[in-house]
Amino acid sequence: MERILQFLIFAIFLVGCRKDELKKMDGPLLADLNSKFSVITSLKASKDSVNFSTNESVYFNAEFSKVATWKLEIIGQTSGAVKEITGTGSKLTSNEASWDGSTTIFPVFRSEICKARLTIEGEDDTLITTVKVNQPKVNSGFVVADFEAGFNSGWSSFVQAGAKMDFQIKSDITSPQGSGYLNMAGTVDWDWLIGLINFKATAYGNKTFPLSSNPSNLFFNVLVWGEESLVNSLVLFQFQEDENGDGNFSANSEDMYSHQITINWVGWKLISIRYSDLVSMANGAPAAASGNGVFEPNKLMQINMLHLANPKSGYAKSKLDYIIFTQNNPLKP
Amino acid sequence: MKIRILILFTLFTSLVIAQEGKKVQFLGGARSVLSASDFLTDEKDTVTVGKTTGGYALIDLGIKINPNPRTEILGMFRINNSFGGFWGSDVTFGVRQLHVKGIAGKGIRYQLGNIDYKLSPYTCYNSNPDLILPSFGTTSIKEQIINYESFYKSNTWRQQGAAVDFILDFSKYQDEVKFKGFLFRLNPSNQGALFERLYGGGSIVLKHHKNFQIGANLANVFDVRGTALNNDVYRNQVATLIYQYSHESEKLNTELSGESGFSNTFSTEQINSNLKDYFIHFKWNTTLKKTGWMFEVSYMDNGAEFRSAGAQSKRIDYNQQNSYYQRYTNNQILRPISYYDLYNDPSLYAMEFSTKLMDFNPAINNVLPYGIATFNRRGAYFSVNYSDKKERISTQLKYYRLGEIRGQGTLALRKFDYFIGAINFNPSAVFHWKKSQTVSLALGYQHTNRDSQFAQEAIGLESYTFNVGVSCEILDKLYFIGNTFMFKSTGNETLPIRDSKGTIINFQASTISGNEYCLSGGLKFEFSKDVYLSIFYEHNKNSFMALNPYQFNQFQVVYFMKF
């Protein structure tokens, strides 16, 4: 026992003789952080032009004399689209400031010249450079509707006969993607429903939408507009599955999942939801599914989009664009 | 529907009770809290509603079933009703606990489901570095509620998974070997970028005679490859050696014990951010049997890159917002987390440990913000305890003298002094009164210092925490309880700002100056040891936001029951 004890004490002191770390430190040097800020290398793009449609990317370089919190804004000169990248550090490199053509503030980027503006918190310096987008980013996924080619004859719709009704596809510069979008507006004082569109799989030449069978890997995405000072719009999406493959949907024996969006923001916003996070609803409340209760996106035969508003709330307005299913991740427009 | 299920389940189990006798038992707890608060600021505040009332009643109903003498099944439901919500509104139902445990074969104990688990102070251990002082009087009622709500039981973390343990007994050689193994799920995969994260490990401890034991622990946090759409899996591996040797004589007990080990933390795709380090911690203590004195001397050296998720996780992450008077003043500024919130808001407390380094408040605990396993600390600490055999008085004193091993943003190192002392005085035992009277006093002091010729590197921070509590039995089972709690901190500190991987990317210099005190008093009636009703009033004042000091007055009624 004494030998064990001696060995233990020896081992403890052996390990205890840690080599000094007096010449090591964690983090950036405080002396540098408290020194005067200066730009060592000005902002520069890694390439003059970029083709995002072929998965190219561009990154930005800059170097400062000390660690700083910075914000890089890339602004489309034609579209007005904005991409924001923020960080803290003394350098911008491909690790911190790489851009794949995605958008932070809609609309999405087009083929255009973009201005990159770098600002540093607490400093007056603003660094600017430009980069040309030869081809914008192309998103992979199944596009249900981007409203660029007007109303698909395979869809069906219903619009209430209310006041100031404006339920149609429009084309102008406010579109967040392309030039077309669906405008939905009007006053219906006797019903929640203002208008609806049924997007049928047959409109795309299939009995069911060409989606994977794994609901956990599939995301439904849509761009939704919130009108300033109007917070009464609801958009309800219903997903009808043809479980028995007979080409019809039976509400009593087959699953219909829903996702209701309460629009309480201003401007365009991307809404993404995993297919397996959809819920079965009855009269706006969660309810048991009518069918087998299994999420089967490969059996999805119709998507219903309903624009709703409380009939007492008066005029309601919203817009939709770029309805798309993506695989593995939510849409990164 | 839920109510129906519960009623059916209760009826069913009642029938089983009638039929099976002791095979089914009910256990659980009930609590009701009613409070009325008044919030005041020096500045004219026309936005914040100062007076609020609230409360709730909840019951935790557990059913323990023993289908055979070697198996136990426990399910516990919670029904919570906020006051003001009747006939179904503001009523929530939930499952609080589910587990199966038992003994397989000749003595392999197993448990599945919710498990309260700990291993050793450097592997899996739920330390409490924020409530640094023992609680008495009203603060003990509050801490009891927090511990109950957050499943904190003697430094365990609530986990979900499976655990086994068994002992091999070699009586012939007066030896035994204890084995423990566990596998818990920390988070599920989201089928996207988030991995399935598990926590697994175990221990082997050899006990020789009664006075020597040596063992090894392993605790490993790991992402399961293939459960997310990338290959950058996280690993935190901790392996330690534990040892204990004790010697007992007629007059004294002496013990040498400790734990040493290493950790390796990395992401497989970012090998450059690998953190690897070791620690050593040993203590020697002696108890003088006849006098009741205990002395302890300890040494610790926790490397700067030592990381142990299960031991360094905090109960409170200061990077969150209060749920109680979250904003105040006409500018609706955020109210920082104070000691008042630490004692009153269970929703601030984490129920599971984190693999990220949590934010801490240097004013409250700058010396060991992540518990005894805090990285980048080296030094010694000393303890003196005294316990009077007639239970008239007991004291616990502890002093740490620690320092950093590696500088942060500079080569200069911080040095720390940390003292905690507590005295419990029992006049009833001194004067042979029949009714129970206790006076308790605790003091915490911390000092951080970093000398430097450069002003931006120099640090000096001092904190005092003080708690005095009384509990006087004035009538049979009826107690007067009261507390004076004070907290003061002044100085400056430069806190690191870390990225998502825990690497320091910047520093935030802050000046700290303020104090907080809380006076409280009331009555407590004990129906039995685990059932009481308490009514108390408290006044809390906080000046840590120099321009916007505030104060609370609060009245609370608390009913607590465990059965």
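Residues numbered from 1 in each chain as written. Chains lettered and ligands numbered in written order. Predicted model: local features only at pLDDT ≥ 70, side-chain atom pairs only at ≥ 80, totals over all residues.

Quick look at the nonpolar core now. If you look at the biggest cluster of nonpolar residues, it comprises 67 residues, and the most contacted ones within it are Phe60, Ala116 and Leu320 of chain A. The residue makeup of this core includes at least three contributed by each of domain 1 (30–135) and domain 2 (142–327) of chain A. When near neighbours in sequence (up to four residues on either side) are disregarded, leucine 320 of chain A contacts Tyr181, Leu182, Met184, Val222, Leu223 and Val224 of chain A. Cys124, Phe182, Phe184 and Tyr370 of chain B belong to the second largest nonpolar core, which has 34 residues in total. (Core = buried A, V, L, I, M, F, W, Y, C linked by C-beta atoms within 7 Å. Buried ≥ 20, exposed ≤ 12 C-beta atoms within 10 Å, placed from the backbone. Domains from an automatic or database assignment. Contact = placed C-beta atoms within 7 Å.)

This paragraph deals with the interface of chain A and chain B. On the side of chain B, 29 residues touch chain A, which itself brings 27 residues to the contact. Among the secondary structure elements, those contributing two or more residues to the side of chain A that touches chain B are helix H1 (2–16), strand S1 (25–26), helix H2 (30–33) and strand S5 (82–92) of chain A. Among the elements that line the side of chain A that touches chain B, the one with the most residues is H1 of chain A, at 5 residues. Residues that form the side of chain A that touches chain B fall into these classes: 13 nonpolar, 9 polar and 5 charged. (Helix = DSSP H or I, 4+ residues; strand = E, 2+ residues; numbered from the N terminus. Nonpolar A, V, L, I, M, F, W, Y, C, P; charged D, E, K, R; others polar.)

Residue and element names in this part refer to chain B. Note: strand S3 (residues 71–82) against strand S4 (residues 91–104), 11 bridges, orientation antiparallel. In the sheet register, leucine 74 faces S4, and the bridge partner there is histidine 99. Bridge analysis of S4 against strand S5 (residues 108–117) gives 6 bridges, and the strand direction is antiparallel. Of the residues in S5, the one forming a bridge with valine 100 is leucine 112. The loop that links S4 with its antiparallel partner S5 comprises 3 residues; one of these, glycine 105, has a positive phi angle of about 60 degrees. (Pairing = 2+ DSSP bridges.)

A word on unusual backbone geometry. Residues and elements named next belong to chain A. Cis geometry marks the peptide bond from phenylalanine 106 to proline 107, where omega comes out at 10 degrees. With respect to the helices and strands, proline 107 occurs in the loop between strand S6 (98–99) and strand S7 (112–120). Non-glycine residue phenylalanine 147 carries a positive phi angle of around 60 degrees. Relative to the helices and strands, phenylalanine 147 resides in the loop between strand S9 (142–145) and strand S10 (156–159). Its identity as a non-glycine residue notwithstanding, asparagine 328 has a phi of 75 degrees, on the positive side. Along the chain, asparagine 328 turns up in the segment after strand S21 (316–327). We classify asparagine 328 as partly exposed; it has 16 C-beta atoms within 10 Å.

This paragraph deals with the sheet that holds S10 of chain A. Residues and elements named next belong to chain A. Here 5 strands make up an open sheet; going across it, the order is S10-S13-S20-S15-S16 and the pairing antiparallel. Two strands close off the open sheet at either side, each with one partner strand: S10 and strand S16 (256–262). Sheet twist, expressed as the average angle between the axes of neighbouring strands with direction ignored, equals 10 degrees. In this structure, strand S15 (residues 233–241) lies alongside strand S20 (residues 300–309), joined through 9 bridges in antiparallel fashion. Along S20, the bridge assignment pairs glutamine 240 with glutamine 302. (Axes fitted to C-alpha atoms, helices over the stretch in contact; angles between N-to-C directions.)

Bringing the environment of isoleucine 364 of chain B into the picture now. Residues and elements named next belong to chain B. With respect to the helices and strands, the residue isoleucine 364 is situated in the loop between helix H4 (339–344) and strand S16 (377–387). Its 23 C-beta neighbours within 10 Å are what place isoleucine 364 among the buried residues. For the pair isoleucine 364 and leucine 218, spaced 146 residues apart in the sequence, the C-alpha separation amounts to 31 Å.

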